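So the chains spell out like this:
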Amino acid sequence: MMNDKDIEDYHNIGKAIKYNSKYNYHDGKQITDEETGKRVYEINSYRLPSVTTILGATKDQQFLKDWKAKVGEQEADRIKNISSKRGTSMHKFLESFITDVGYDDLTELGQAAKPMAKKIMEVGLAPVDEYYGSEVTLHYPGLYAGQTDLVCLHNDLETIVDSKQANRPKKKEWIENYYLQIAAYAMAHDYVYESQIRQGVIMVCTPDLYYQEFRITDHELRTWKHRFLKRLDMYHDLKFDEKEQANIKMKEEDFKNE
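Basis of the calculations
- Residues numbered from 1 in each chain as written.
- Predicted model: local features only at pLDDT ≥ 70, side-chain atom pairs only at ≥ 80, totals over all residues.
- Heavy atoms only, no water.
- Axes fitted to C-alpha atoms, helices over the stretch in contact; angles between N-to-C directions.
- Helix = DSSP H or I, 4+ residues; strand = E, 2+ residues; numbered from the N terminus.
- Parallel < 35°, antiparallel > 145°, perpendicular 65-115°, else oblique.
- Left-handed = near helix turned anticlockwise from the far one by under 90°.
- Contact = heavy atoms within 4.5 Å.
- Nonpolar A, V, L, I, M, F, W, Y, C, P; charged D, E, K, R; others polar.
- 1 Å grid on protein atoms, 1.4 Å probe; cavity = no way out; pocket = protein on both sides within 12 Å on 5 of 7 lines; lining within 4 Å.
- Points joined across faces, edges and corners; volume = space filled by probe spheres on them.
- Pairing = 2+ DSSP bridges.
- Core = buried A, V, L, I, M, F, W, Y, C linked by side-chain atoms within 4.5 Å.
- Buried < 20%, exposed > 50% of the residue type's maximum accessible area, 1.4 Å probe, protein only.

Examining the packing of helix H4 (residues 73-99) against helix H5 (residues 108-124)
Packing of H4 against H5 leaves a shortest axis separation of 8 Å and a crossing angle of 50°. Classified by the angle between their axes, H4 and H5 sit oblique to one another. Crossing hand, H4 versus H5: right-handed. Packed against H4, whose contacting residues are Ile 82, Lys 85, Arg 86, Ser 89, Met 90, Phe 93, Leu 94 and Phe 97, the element H5 presents Leu 109, Gly 110, Ala 112, Ala 113, Lys 114, Met 116, Ala 117, Ile 120 and Met 121 at the interface. Residue composition of the contact of H4 with H5, grouped by class: twelve nonpolar, two polar and three charged.

Observations regarding empty space enclosed by the protein
In the structure shown here, the tally under the stated rule is one cavity of 30 Å³ or more. In this structure, the largest cavity spans a volume of roughly 80 Å³. His 91, Leu 94, Glu 95, Ile 98, Ile 120, Leu 125, Ser 134, Glu 135, Asp 149, Leu 150, Val 161 and Ser 163 are the residues that line the largest cavity. Listing elements by their share of the lining of the largest cavity, those giving two or more residues are H4, strand E5 (128-140), strand E6 (144-154) and strand E7 (157-165). Here the lining of the largest cavity gets four residues from one element, more than from any other, and that element is H4.

Quick word on the sheet that holds strand E1 (residues 18-19)
Spatially, the six strands line up as an open sheet ordered E1-E5-E6-E7-E8-E9, and their pairing is mixed. Two strands bound the open sheet, and with one partner strand each, they are E1 and strand E9 (211-217).

Considering the nonpolar core
Ranked by size, the top nonpolar core spans 36 residues in total, and within it Tyr 25, Leu 138, Tyr 144, Ile 160 and Phe 228 carry the most contacts. Residue assignment for this core shows that the elements contributing at least two residues are helix H2 (51-58), E5, E6, helix H6 (176-193), strand E8 (199-205), E9 and helix H7 (218-257). Considering every element that reaches this core, the biggest residue donor is H6, with eleven residues. In this structure, Met 90, Ile 98, Ala 113 and Leu 125 belong to the second largest nonpolar core, which totals 21 residues.

A few points about the packing of H2 against H6
Contact geometry of H2 with H6 gives a least axis separation of 10 Å together with a crossing angle of 140°. Taken together, H2 and H6 sit at an angle that is classed as oblique. As H2 packs across H6, the resulting crossing turns out to be right-handed. Across from Val 51, Thr 52 and Leu 55 in H2, the residues of H6 making contact are Asn 177, Leu 180, Gln 181, Ala 184 and Tyr 185. When its residues are assigned to classes, the contact of H2 with H6 shows five nonpolar, three polar and no charged.

None of the figures reported here should be taken as evidence of function without further support.
Structure below.
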């Protein structure tokens with residue numbers, strides 16, 4: 001039997017989400033660092049590494065290596081390229097719905113992404129009462145930056161939302177980086193805007209429209225924040241080691257040239 005909240009969510013399906021200008025978000029520019037080729041954000045004249053760059057540099061790559069060895073490098077790149085383009089289109093559909101701005105993508109991948117976005121709109125976004133920002137650039141001064149899909153009031157909790165396309169259903173233990181992303185964004189939002197983000201929601205949809213939702217709140221969200229900070233420490237250790245190795249190599253080259 002549906003309770004009052006379920007009935008309200010049902011009637012909200014397909015309706016535009018109310019905007020609340022509670023937070024005045026800073027602008028940030030996403031660029032590719034010329035030296036490293038990695039994604040960074042330029043905010044207030046400072047360049048900060050992206051959350052995805054930090055997580056990519058510190059995650060265990062063995063599963064990815066095994067998968068590439070199994071399907072082949074060329075097939076792996078093809079699958080990755082299709083997934084990336086379909087995910088980009090899905091996010092554009094979602095952003096246009098949230099901000100109530102018209103958008104369509106008539107490409108083959110765009111038409112595949114459209115029903116995926118609609119599934120997230122109908123199921124995932126139904127409990128969203130209002131939103132504060134869509135495709136919001138967030139940063140923790142001096143440490144990192146990134147872009148989250150949505151900051152909103154979800155089931156009466158201020159929430160960070162990230163939407164993901166997936167080629168197959170996910171298990172919780174497979175998506176550690178998704179949780180770490182959410183935690184990093186929540187921490188940055190709270191620090192810069194003096195907010196109290198209490199929840200993170202990850203909305204996942206496959207091309208055959210299988211929808212999954214993963215939530216973390218309060219204590220569990222704090223746990224993932226601590227885990228992200230450990231990864232951030234690992235990242236800085238790696239960067240320090242890279243600089244040390246570069247300095248040693250330069251000294252060796254100078255010695256040879258003497």
